[in-house]
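Next come the chains, spelled out residue by residue.
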Amino acid sequence: MKKTSFTAFLSAIAVIGLLMGCSGSKTPPVSERIAKVWTASKIEWNNVTVYTKGATSNVRPGYANYQLNLSAAPTVTFTDFEGTSFTGQYSVPSDTQLSFSNISPPISGNTTGKLDFTINSISDNELVITQTTTTQKTGGQIVKYTLTNP
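All of these numbers come straight from a predicted model, not from anything done at the bench.

**A few points about the overall build of the protein chain**
- Within the protein chain, the secondary structure is distributed over 2 helices and 9 strands.
- In the protein chain, the order of α-helices and β-strands from amino to carboxyl end is α-α-β-β-β-β-β-β-β-β-β.
- Out of the 150 residues in the protein chain, the part that is buried amounts to 31%.
- When contacts within the protein chain are restricted to residue pairs at least 6 apart in sequence, long-range pairs at least 24 apart make up 39% of them.
- When the accessible surface of the protein chain is totalled, it reaches about 8900 Å², and 55% of it is carbon and sulfur.

Below, the structure is given as structure tokens:
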């Protein structure tokens, strides 16, 4: 009887250990998942597509060179659709917000040096953000970026 109880006890411990070890991996926070170099896949201005990667008749073909580098937190560097490079700092105040500050050189018509975005979705290879701060550079349009990480 002692041998049976001991075997049952060891079996129960082994099962509990296995269940605890299989609890799954936790998803890293958005601030870590966003820290990559992103390129344009699809860009929309006021819900009108102006760029799609690989398309031959893009309204804004310059987005082929767009790059958003968030890999060296808190520094952000990005190249816009006109080929202008900007540098600043970024923060992720919540899982649905991305903010840029101290942007240099100043963006046309933006006197605050800030840009704010809503994070619509994020996965390992895709980031969808909507710029909530308008600029003269895009004619005051609301810009939605679908970005990929190669």
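Further notes follow.
**A few points about the packing of aromatic side chains**
- This structure, assessed with the given rule, holds 10 aromatic pairs.
- Where Trp-45 meets Phe-81, the ring centres are 5.5 Å apart and the plane angle is 70°; that geometry is what we call edge-to-face. Here the residue Trp-45 occupies a position in strand 1 (residues 37-45), and Phe-81 occupies one in the loop between strand 4 (75-79) and strand 5 (85-94), the gap between them amounting to 36 residues. There is no split in this pair, since Trp-45 and Phe-81 are both buried.
- Arranged with centres 6.2 Å apart and planes meeting at 50°, the rings of Tyr-51 and Tyr-63 form a pair that is tilted.

**Some remarks on the nonpolar core**
- Counting residues in hydrophobic clusters, the biggest one holds 30 residues, and the most contacted among them are Tyr-63, Leu-68 and Phe-100.
- Look past the residues within four positions of Phe-100 in its chain and what remains in contact with it is Leu-68, Leu-70, Val-76, Phe-78, Gln-89, Tyr-90, Gly-113, Lys-114, Leu-115 and Phe-117.

**With respect to the pairing of strand 5**
- Note: strand 4 against strand 5, 5 bridges, orientation antiparallel. Residue pairing across strands places Thr-75 opposite Gln-89, the latter belonging to strand 5.
- The antiparallel pairing of strand 4 with strand 5 creates a hairpin that spans 5 residues between the two strands, and Gly-83 there sits at a positive phi of about 90°.
- Bridge analysis of strand 5 against strand 6 (residues 97-104) gives 5 bridges, and the strand direction is antiparallel. Paired with Thr-87 across the two strands is Ser-104, which belongs to strand 6.
- The hairpin formed by strand 5 and strand 6 contains 2 residues between the paired strands.

**A few points about the pattern of salt bridges**
- Inspection of the entire model under this criterion finds 3 salt bridges.
- A salt bridge links Glu-82 to Lys-137; the shortest N-O distance between them is 2.5 Å. Taken together, the residues Glu-82 in the loop between strand 4 and strand 5 and Lys-137 in the loop between strand 8 (126-131) and strand 9 (143-148) connect sequence positions 55 residues apart.
- On the accessibility criterion, Lys-137 (22% relative accessible area) is partly exposed.

**Considerations on the side chain of Asn-110**
- Residue position: Asn-110 is located in the loop between strand 6 and strand 7 (115-122).
- Under the relative-accessibility criterion, Asn-110 is labelled buried at 8%.
- Here the side chain of Asn-110 touches Lys-114 through a polar contact of 2.7 Å, landing on its backbone oxygen.

Here is what the cut-offs are and how they apply
- Residues numbered from 1 in each chain as written.
- Predicted model: local features only at pLDDT ≥ 70, side-chain atom pairs only at ≥ 80, totals over all residues.
- Heavy atoms only, no water.
- Helix = DSSP H or I, 4+ residues; strand = E, 2+ residues; numbered from the N terminus.
- Buried < 20%, exposed > 50% of the residue type's maximum accessible area, 1.4 Å probe, protein only.
- Contact = heavy atoms within 4.5 Å.
- Areas by Shrake-Rupley, 256 points an atom, 1.4 Å probe, with all protein chains shown as cover.
- Phe/Tyr/Trp six-rings, centres within 6.5 Å; stacked < 30°, edge-to-face > 60°.
- Core = buried A, V, L, I, M, F, W, Y, C linked by side-chain atoms within 4.5 Å.
- Pairing = 2+ DSSP bridges.
- Salt bridge = Lys/Arg side-chain N within 4 Å of Asp/Glu carboxyl O.
- Polar contact = N/O pair within 3.5 Å; in protein donor to acceptor, adjacent residues only side chain to side chain.

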